[in-house]
Amino acid sequence: MTKFRLAHLGLVMAAIGFTAAAPLAGLSSVAYAADAVRAEIGKPLQEAQKLAAAGKNKEALAKLKEADAVGGKSPHESYLIERTRASAAAAAGDNDAAAKAFEAVINSGKLSPAEQPKFTQALAGIYYRAKDYPKAITWIQRSLKDNPNDGQMHELLIQTYYISGKYSEAAKELQSSKANSEASLQMLANIQLKQNDKEGYVQTLEKLAGSYPKTSYWADLLNRVSGKPGFASSLSLDVLRLRLANGLLTKPGEYMEMSQLALQAGNPAEATKIIDQGYKKGALGTGSDAARHQRLKDLAVKTQTEFDTKQAALEAEAVKNKDADTLANMGYALVTAGKADKGLALLDQAVKMGTAKNPDAVKLHQGIAQFNAGKKPAALSTLKTVKGKDGTAELARYWTLNINHPM
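Reading the values: rules and limits
- In this convention, every chain numbers its residues from 1, walking through the sequence in written order.
- Restriction of local features to residues with pLDDT of at least 70 applies here, the model being predicted, together with a cutoff of 80 or more for giving and counting side-chain atom pairs; totals for whole chains, interfaces and linings are based on all residues.
- Side-chain calculation: all heavy atoms of the structure are included, whereas hydrogens and water are not.
- Helix numbers and strand numbers start at the N terminus; a helix is a DSSP run of H or I with at least 4 residues, a strand a run of E with at least 2.
- The globule rule used here is 2.2 Å times the number of residues to the 0.38 power, and the radius of gyration it is set against is calculated over C-alpha atoms.
- When a residue's accessible area, from a 1.4 Å probe over protein chains only, is under 20% of the maximum for its type it is buried; when over 50% it is exposed; and in between it is partly exposed.
- Only heavy atoms enter the contact rule, under which two residues are in contact if any of them lie within 4.5 Å.
- A pair is scored as a salt bridge if a Lys or Arg side-chain nitrogen falls within 4 Å of a carboxyl oxygen belonging to Asp or Glu.
- UniProt positions are given in the numbering used here, feature names are shortened, and annotations may be inferred rather than shown by experiment.
- Each axis is a line fitted through C-alpha atoms, and for a helix only the stretch in contact is used; angles between axes span 0 to 180 degrees, taken between their N-to-C directions.
- Should an angle fall under 35 degrees it is called roughly parallel, over 145 degrees roughly antiparallel, and 65 to 115 degrees roughly perpendicular, with every other angle called oblique.
- By definition, turning the near helix anticlockwise from the far helix through less than a right angle yields a left-handed crossing, and turning it clockwise yields a right-handed one.
- Polar here means any residue other than Ala, Val, Leu, Ile, Met, Phe, Trp, Tyr, Cys and Pro, which are nonpolar, and Asp, Glu, Lys and Arg, which are charged; Gly is therefore polar.
- In a helix, the anticipated span is given by 1.5 Å times the number of residues less one.
- Throughout this description, a polar contact denotes any pair of N or O atoms lying within 3.5 Å of each other; where both atoms belong to protein, one of them has to be capable of donating a hydrogen while the other can accept it, and for residues adjacent in sequence the pair is counted only when both atoms sit in side chains.
- Classification of ring pairs uses Phe, Tyr and Trp, with its six-membered ring standing for Trp, and accepts pairs whose centres are within 6.5 Å; under 30 degrees between planes counts as stacked, over 60 as edge-to-face, and the remaining range as tilted.
- Each direction from the helix axis to a C-beta atom contributes to the arc, which is the arc of those directions.

As recorded in an unreviewed UniProt entry, the chain goes by the name Tetratricopeptide (TPR) repeat protein, listed as coming from Duganella violaceipulchra.

Now the structure itself:
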C-alpha cells in the first residue's frame, strides 16, 4: 500500500461581526498530525487541497468526489475528506455542503481541544450566513457552553435572536449580559418599542442619553416625560430648561414660550438670558415678529428692575406668611441673576419651611440652582432626594444625567 503524508490544511475565515457582514467565526491556520491513508484516497485529497490553496474551491470540491467514491473508508480517511471539504465549501460559499462537513468534523472526535471551539464557532457562522437561524442558535449556544465569556458569540446570539424575531430572547440576553454599548442599547430599545414595553424603553433611553448624549435621545426622553399621565403642567418650564441645556430649542416660538414662562415664574433674569440666546442663535430679532421679540426683551429688562426694587420687601412678606413657594422662586431668580449665596440661602429656607404646595418641585429647583451656582456635589445630592410622581422625580434624574454627561 502506497502511503501519503497529507499537506497542511489551512482554514482562514472572517471574524464574527455584530452585523451580518461577517458571519463566520475566525479560525487561524491549524495543522493536524500527518497520517497515512490509502493512495486511492490520498491522491485526490492532496490534489483537492492544492486546488483549495490556489483559491479554486469549486474545483477542489469536485475533486473530493473521487475520494468519496472509494469504498470502505476508515474513520480517519472520512475525517480528512470532510475537513478538506469544510474548508473548500465554506470558501466557495456552498453553505449546505460546508455545514454538513463541519458537523461531520466536529462529531468525529478527532479535533484537538484548541480546534473544537473554532470549528463550532465557524459552523454557527455558516448557519447564520445561510439564514438557518434555529441551527445557528443551537451551535452558538453550544459554543457558549464551552466558552461562556466569549463576547463575540454573545453578540452573534443576540443578533440571531433579533433577526429571527425572537425579541424576548434577545432582550433577555441583552439585559443579562449587561451590554452597555450604544448599539446594544439601541437594539434593546428597539425591541422594547416592538413589545410596547414603554417603561423598559424609557429606562433604556435614559441609559442612552446618559452614556451617549445626543439630541435625538434627549428629545425623545423629554417628549415622553411631558406626555406621561399625571405630569404636572407647572413643570413645563423645567422641561424647557433641559431642552435648552441640550440644544433642543431652535424655533422662535420655543424661545418666546420659555422666556414668558420664566417671567411668570418671577425670574426675569432667566427670561433675559433666554431671549439673549434666542437673538444670538438668530431665532429672535428677525422676520415679521422682530418687533414682538423686542417688546418681550424690553419687558424682561423692566421686570428685572422692578424685581430688584421690590425684592427685599417681597422676601420679608414671604417669610412672614411662611410662603415657601414665593421664597423658593425668589431664591432661584437670585441665583440666575448671579446672587448665588443669597439665592441658595432662600431656597434652603424654603425647603426647611415645609409649606410648599409641591415640596419635590422646590427641591428640584434647589438642585438645579445649586448646579447653576457651580455646586455640583450639592446639586447631585439634592436631586437624589426628589421623589415626586408628577414628573419631578424623572426631571431630577434627567438633570443628574445632564450634569454627569453633558452634551
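Structure shown, so let's carry the discussion forward.
Q: Now, about the overall build of the chain: what can you tell me, with residues and values included?
A: Looking only at helices and strands, one finds 20 helices and zero strands in the chain. Its C-alpha atoms give the chain a radius of gyration of 34 Å, clearly above 22 Å, the size a compact globule of 407 residues would have. Across the 407 residues in the chain, those meeting the buried criterion constitute 46%. Residue pairs at least 24 apart in sequence account for 57% of intrachain contacts in the chain once pairs closer than 6 positions are excluded.

Q: Help me get a handle on the pattern of salt bridges, residues and values and all.
A: In this structure the tally under the stated criterion is 18 salt bridges. Put simply, glutamate 270 and arginine 241 hold a salt bridge, and the shortest N to O gap is 2.8 Å. Taken together, the residues glutamate 270 in helix H14 (residues 268-280) and arginine 241 in helix H12 (residues 236-245) connect sequence positions 29 residues apart. Arginine 241 carries the same exposure label as glutamate 270, and that label is buried. Through salt bridges with shared partners, a single network forms among Arg38, Glu40 and Glu77.

Q: Which residues make up unusual backbone geometry, and what are the values?
A: Generally, phi is negative for residues other than glycine and the peptide bonds are trans, each holding for most cases. Located in the positive-phi region is lysine 131, a residue other than glycine, with phi close to 65°. Summarising the element assignment, lysine 131 is placed in the loop between helix H5 (116-129) and helix H6 (133-146). For lysine 131, a relative accessible area of 62% translates into the label exposed. At lysine 322, a position not held by glycine, the phi torsion is positive, near 55°. You can see lysine 322 is positioned in the loop between helix H15 (290-320) and helix H16 (324-336).

Q: Account for the environment of tyrosine 161, naming residues and giving values.
A: Mapped onto the fold, tyrosine 161 is located in helix H7 (residues 151-163). In contact with tyrosine 161, other than residues within four places in its own chain, are Ile137, Gln141, Lys166, Tyr167, Glu169 and Ala170.

Q: Describe the UniProt feature "repeat: TPR" (unreviewed entry) in the chain, with residues and values.
A: Per the UniProt record, "repeat: TPR" (unreviewed entry) is found at residues 117-150. Helix makes up 79% of residues 117-150 and strand 0%, with an end-to-end C-alpha separation of 10 Å.

Q: Which residues make up the environment of alanine 396, and what values go with them?
A: Tracing the backbone through its elements, the reader meets alanine 396 in helix H20 (residues 392-404). On the basis of relative accessibility, which here comes to 1%, the residue alanine 396 falls in the buried class. Sequence-wise, alanine 396 and aspartate 238 are 158 residues apart; in three dimensions their C-alpha atoms are separated by 9.8 Å. The contacts of alanine 396, once residues within four sequence positions are left out, are Leu364, Leu383 and Val386.

Q: Help me get a handle on the side chain of threonine 120, residues and values and all.
A: Within the element layout of this structure, threonine 120 appears in helix H5. Given the relative accessible area of 0%, threonine 120 is considered buried. Not counting residues up to four positions away in its chain, the partners in contact with threonine 120 are Ile106, Trp139, Arg142 and Ser143.

Q: Describe the packing of helix H18 (residues 359-372) against helix H19 (residues 376-383), and please don't skip the residues or the numbers.
A: Geometrically, a packed helix pair is captured by the angle between its two axes and the distance between the axes. For the pair H18 and H19, the least separation of the axes is 7 Å and the interaxial angle reads 165°. Here H19 runs roughly antiparallel to H18, going by the angle between their axes. Crossing geometry of H18 relative to H19 is assigned as left-handed. For the pair H18 and H19, contact is made by Lys363, Leu364, Gln366, Gly367, Ile368, Gln370 and Phe371 and by Ala378, Ala379, Thr382 and Leu383, respectively. Across the contact of H18 with H19, the residue classes tally to six nonpolar, four polar and one charged.

Q: Can you break down helix H4 (residues 95-107) residue by residue, with the values?
A: The end-to-end C-alpha distance of H4, which contains 13 residues, comes to 18 Å, matching closely the 18 Å that a straight helix rising 1.5 Å per residue would cover. Looking at the buried positions of H4, the neighbouring elements they touch are helix H3 (75-92), H5 and H6. Looking one or two places after H4, you find glycine 109, whose phi comes out positive at around 80°.

Q: Talk me through the side chain of glutamate 77; I want residue IDs and the actual numbers.
A: Locating glutamate 77 in the fold gives a position in helix H3. Residue classification places glutamate 77 among the buried residues on the basis of a relative accessible area of 6%. At a separation of 2.9 Å, a polar atom in the side chain of glutamate 77 contacts the main-chain amide nitrogen of serine 74.

Q: So, the packing of aromatic side chains: which residues are in play, and what are the values?
A: Enumeration according to the criterion identifies five aromatic pairs in this entry. For the ring pair phenylalanine 102 and phenylalanine 119, a centre distance of 5.5 Å and an interplane angle of 50° mean the geometry is tilted. Highlighted residues: phenylalanine 102 in helix H4 and phenylalanine 119 in helix H5, separated in sequence by 17 residues. You can call phenylalanine 102 buried: its relative accessible area is 0%. A relative accessible area of 1% means that phenylalanine 119 is categorised as buried. The interplanar angle of 85° and the centroid separation of 6.3 Å between the aromatic rings of tryptophan 218 and tyrosine 398 together place this pair among those described as edge-to-face. Linking tryptophan 218 in helix H11 (residues 215-226) with tyrosine 398 in helix H20, this pair joins segments that are 180 residues apart in sequence.

Q: Account for helix H8 (residues 167-176), naming residues and giving values.
A: Here H8 has its buried residues at Ala170, Ala171, Glu173 and Leu174. Looking down the long axis of H8, one finds its buried residues gathered within 165° of arc, a one-sided arrangement. For H8, the exposed residues set more than 90 degrees away from the buried face come down to Lys172 and Ser176. Contacts from the buried residues of H8 go to H7 and helix H9 (182-194).

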